[in-house]
Amino acid sequence: METTIEHRRHRRLNLLEAIMVTPNGHGHEAYVMDISPGGARVTLPSDWAPVDGAALKILFSPDSDHTVLLQAR
């Protein structure tokens, strides 16, 4: 059995939550696969990919009245 050694600085939390990735004001649906204090892994629509280094805003809208905004590149 092969064992994978985790080299991450922060432990990732697994989840699958619908979000919106918004580069340059255009919205695209995406999903968070996992997240940690050091970053997030998201899936994007197959018909769209951001330009390398593009400023992105990732909006998380939990089942409450608050929206969480994460800015990334």
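Residues numbered from 1 in each chain as written. Predicted model: local features only at pLDDT ≥ 70, side-chain atom pairs only at ≥ 80, totals over all residues. Heavy atoms only, no water.

Caption draft 1: Highlighting the overall build of the chain. Each helix and strand in the chain was counted, giving zero helices and five strands. For the chain, the N- to C-terminal ordering of α and β elements is β-β-β-β-β. Expressed as a percentage of its 73 residues, the buried residues of the chain come to 19%. Long-range contacts, defined as pairs at least 24 residues apart, comprise 30% of the intrachain contacts of the chain with a sequence gap of at least 6. Of the roughly 6100 Å² of accessible surface on the chain, 51% is carried by carbon and sulfur atoms. (Helix = DSSP H or I, 4+ residues; strand = E, 2+ residues; numbered from the N terminus. Buried < 20%, exposed > 50% of the residue type's maximum accessible area, 1.4 Å probe, protein only. Contact = heavy atoms within 4.5 Å. Areas by Shrake-Rupley, 256 points an atom, 1.4 Å probe, with all protein chains shown as cover.)

Caption draft 2: Region of the structure containing the pairing of strand 2 (residues 28-36). One ladder, built from five bridges, connects strand 2 with strand 3 (residues 39-43); its direction is antiparallel. Bridge pairing in strand 3 links D34 to R41. Hairpin remark: strand 2 followed by strand 3, antiparallel, with two residues in the connecting loop. (Pairing = 2+ DSSP bridges.)

Caption draft 3: Layout of the side chain of H28. Within the secondary structure, H28 is located in strand 2. What H28 contacts, discounting residues up to four positions off in sequence, is I19, M20, V21, P23, P45 and W48.

Caption draft 4: Region of interest: the nonpolar core. Listed in full, the eight residues of the largest apolar core are I19, V21, A30, V32, W48, L56, I58 and F60. Of all the secondary-structure elements, those providing two or more residues to this core are strand 1 (13-23), strand 2 and strand 4 (56-60). With sequence-adjacent residues up to four places away left out, I58 is seen in contact with I19, M20, V21, V68, L69 and L70. (Core = buried A, V, L, I, M, F, W, Y, C linked by side-chain atoms within 4.5 Å.)

Caption draft 5: Main features of a nonpolar patch on the surface. Side chains of M20, L59 and L69 sit close together on the surface and give an oily, nonpolar patch of about 220 Å² of accessible area. Within the fold, L59 resides in strand 4. Accessibility expressed as a relative area gives 31% for L59, which makes it partly exposed. (Patch = residues over 30% accessible without salt bridge, like charges linked within 9 Å, V, L, I, M, F, W, Y side chains within 5 Å. Salt bridge = Lys/Arg side-chain N within 4 Å of Asp/Glu carboxyl O.)

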